[in-house]
Amino acid sequence: MTLATLREVLQPALRDGYAVAGFVTLGWEDMRAYVAAAEAEGVPVVLQAGPSCRAHTPLPVLGAMFTWLAEQASVPVVAHLDHGHSIEECREALECGFTSVMFDGSRLPLNQNIEETATVAELAHSAGMSCEGEIGFVGYADGESSDGTDPQEAGQFARQTRVDAMAVSVGNVHLQQQKSDGLDLDRIRAIEAATEVPLVIHGGSGVPLSERWTLSKTTNICKFNIGTDMRMVFGDALRAAVKADPDQFDRLQILKETHDPMVAAAREALRSLRSG
């Protein structure tokens, strides 16, 4: 069994200068593909259940799916709740077998974000699990605008919450299909000067592969969340499968055609966090 906590995979990454991928999962097909890719590359992987995933599949089912995959895997697998918006939701995830929870208090006033994140971190640590928090606000492509992380607030947040990882807003954007012109390295350096907590980039799909590699090697960014890139690969593969055989109606046969493209794309993403 290789079920791991977020801290267990991020601390070696921080020490040795690489990053891990937090793959945003939507269903069984992509979960399997991400673990297969991690095994092929011989690296840890974080399986993440975000709000849209949880709206489709209940937390107890997701916890069981993640745990089963981890038990069969030859590499460390983190079962991670992404963007938990309440203390109770994070508590339920821990009770369902998740080894890591992200409490998203980024829309809250600073003091409230610190207080509620600290509560979740204590819940997680008491259970032997990990907690990720967010300071600043990472916006959405064609949606809410970002609010860049204040380095001084980041240091305060890290000290008072005792989180194992900290998501920051440094030019990254959720759901971005096009690659960005680059993250704000000056802001990243200022945050690093305020805290040594491993940093997380949400909206990693918008960061070019070469920049992911450089940041993994030269900064305290230890985790990139990757979702949109993989969704696009899945969608392309699904459309191709339906077009190739319009008479096929067995969804299992259709979905089977998404596996290899997803594994290939995930392997490329994983390599971008470890090698140039």
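The structure this text deals with has already been given above.
Student: Please explain the overall build of the chain as it appears in this structure.
Tutor: Looking only at helices and strands, the chain has 12 helices and 9 strands in total. Against the 2.2 N^0.38 benchmark of 19 Å for 276 residues, the chain shows a C-alpha radius of gyration of 18 Å, consistent with a compact globule. The principal-axis extents of the C-alpha atoms in the chain amount to approximately 60 × 40 × 35 Å. In the chain, which comprises 276 residues, the proportion classed as buried is 53%. Counting only contacts in the chain whose residues sit at least 6 apart along the sequence, the fraction spanning at least 24 positions is 71%. Carbon together with sulfur atoms contributes 50% to the accessible area of the chain, which is approximately 12000 Å² in total. Side-chain charges of the chain comprise 22 positive and 38 negative groups, with the mean position of each set lying 4 Å from the other.

Student: In this structure, what is going on with the packing of helix H2 (residues 28-41) against helix H4 (residues 59-72)? I would like to understand it.
Tutor: Axis angle and axis distance: for two packed helices, these are the angle between their axes and the distance between the axes, and together they describe the pair. The interhelical angle for the contact between H2 and H4, taken along N-to-C directions, is 25°, at an axis separation of 11 Å. Relative to H4, H2 is oriented roughly parallel. Where H2 crosses over H4, the handedness of that crossing is right-handed. Residues Trp 28, Met 31, Arg 32, Val 35 and Glu 39 of H2 touch H4, and the partners they reach there are Leu 62, Met 65, Phe 66, Trp 68, Leu 69 and Gln 72. Residue composition of the contact of H2 with H4, grouped by class: 8 nonpolar, 1 polar and 2 charged.

Student: For this particular structure, what's the right way to read the nonpolar core?
Tutor: Soluble, globular proteins show a tendency: their nonpolar side chains are buried together. Ranked by internal contacts, the top residues of the largest apolar core, which has 64 residues, are Phe 23, Phe 98, Met 166, Phe 224 and Met 230. Those residues in contact with Phe 224 that lie beyond four places of it in its chain are Ala 19, Val 20, Ala 21, Gly 22, Ile 201, Gly 204, Val 207, Arg 212, Leu 215, Ser 216 and Leu 273. Counting 13 residues, the second-largest nonpolar core is a separate cluster that includes Leu 6, Tyr 18, Val 78 and Ala 165.

Student: Can you walk me through the state of the cysteines in this structure?
Tutor: Put plainly, a disulfide is one covalent bond tying together the sulfur atoms of two cysteines. Throughout the structure, instances matching the rule amount to 0 disulfides. Distance from the sulfur of Cys 90, which forms no disulfide, to the nearest cysteine sulfur (Cys 131) is 6.8 Å. Here Cys 222 is not cross-linked by a disulfide; its sulfur's nearest cysteine counterpart is in Cys 131, at 16 Å.

Student: Teacher, can you tell me more about the environment of Ala 38 here?
Tutor: Along the chain, Ala 38 turns up in helix H2. Distance in space between the C-alpha atoms of Ala 38 and Thr 25 is 14 Å, their sequence separation being 13 residues. Look past the residues within four positions of Ala 38 in its chain and what remains in contact with it is Val 43, Val 45, Val 75 and Leu 270.

Student: Quick question: what am I supposed to make of the side chain of Gln 48 here?
Tutor: Within the secondary structure layout, Gln 48 lies in strand S3 (residues 45-49). A polar atom in the side chain of Gln 48 sits 2.8 Å from the side chain of Lys 223.

Student: Whenever I open this one, unusual backbone geometry confuses me. Can you help?
Tutor: As a rule of thumb, non-glycine residues mostly have phi less than zero, and peptide bonds are mostly trans rather than cis. Even without glycine at this site, His 83 takes up a positive phi of about 55°. Structurally, His 83 can be placed in strand S4 (residues 77-84). Here the phi dihedral of Arg 162 falls at roughly 60°; this positive angle occurs in a residue that is not glycine.

Student: Which parts of the structure should I look at to understand the side chain of Thr 5?
Tutor: By secondary structure assignment, the location of Thr 5 is in the loop between strand S1 (3-4) and helix H1 (6-16). Assessed through its relative accessible area of 9%, Thr 5 is described here as buried. Setting aside chain neighbours within four positions, we find Thr 5 in contact with Val 78, Thr 99, Gly 128, Met 129 and Ser 130.

Student: Looking at this structure, I do not really get the packing of aromatic side chains. What am I missing?
Tutor: Any aromatic ring pair is given by two values, namely how distant the centres are and how the planes are angled relative to each other. Going through the model one piece at a time under the given rule, you end up with 3 aromatic pairs. Measuring from ring centre to ring centre gives 5.6 Å for Phe 66 and Phe 98, while their planes differ by 65°; the resulting arrangement is edge-to-face. In this pair, Phe 66 is assigned in helix H4 and Phe 98 in the loop between helix H5 (87-95) and strand S5 (100-103), connecting sequence segments 32 residues apart. Looking at Phe 66, the relative accessible area reads 0%, which means it is buried.

Calculation notes
Along each chain, residue indices are assigned from 1 in the same order as the chain's sequence is written. Note on the predicted model: pLDDT of at least 70 is required for a residue's local features to be given, and 80 or more for side-chain atom pairs to be given and counted; whole-chain, interface and lining totals, by contrast, use all residues. As a rule here, side-chain values come from all non-hydrogen atoms in the structure, and water together with hydrogens is ignored. Secondary structure counts use DSSP, requiring at least four H or I residues in a row for a helix and at least two E residues in a row for a strand, with both numbered from the N terminus. Only the C-alpha atoms count toward the radius of gyration. The rule for a globule is 2.2 Å times the residue count to the power 0.38. For each residue, the accessible area found with a 1.4 Å probe, counting protein chains only, is set against the maximum for its type, and the residue is called buried under 20%, exposed over 50%, and partly exposed in between. The contact criterion used is simple: two residues touch if any of their non-hydrogen atoms lie within 4.5 Å. Working definition of accessibility: Shrake-Rupley area with a 1.4 Å probe, residue cover restricted to the visible protein chains. A residue counts as positive if it is Lys or Arg and as negative if it is Asp or Glu; His and the chain ends are not included. To locate a charge, take NZ of a lysine, CZ of an arginine, CG of an aspartate or CD of a glutamate. As a rule, the C-alpha atoms of each element are fitted with a line to give its axis, helices using only the stretch in contact, and angles between N-to-C directions run from 0 to 180 degrees. Each angle is binned into one of four classes, with values under 35 degrees roughly parallel, values over 145 roughly antiparallel, values of 65 to 115 roughly perpendicular, and all other values oblique. Less than a right angle of anticlockwise turn of the near helix away from the far helix marks a crossing as left-handed, whereas a clockwise turn marks it as right-handed. Here the term charged refers only to Asp, Glu, Lys and Arg, the term nonpolar to Ala, Val, Leu, Ile, Met, Phe, Trp, Tyr, Cys and Pro, and the term polar to all other amino acids, Gly among them. We call a set of buried Ala, Val, Leu, Ile, Met, Phe, Trp, Tyr and Cys residues a nonpolar core when their side-chain atoms join them within 4.5 Å. What counts as a disulfide here is a pair of cysteine sulfur atoms lying within 2.5 Å. Two N or O atoms count as a polar contact when they lie within 3.5 Å, although within protein this holds only if one can serve as hydrogen donor and the other as acceptor, and sequence-adjacent residues are included solely when both atoms are side-chain atoms. Ring geometry is summarised as follows: Phe, Tyr and Trp rings, the Trp one being its six-membered ring, pair when their centres sit within 6.5 Å, and such pairs are stacked at plane angles under 30 degrees, edge-to-face over 60 and tilted between the two.

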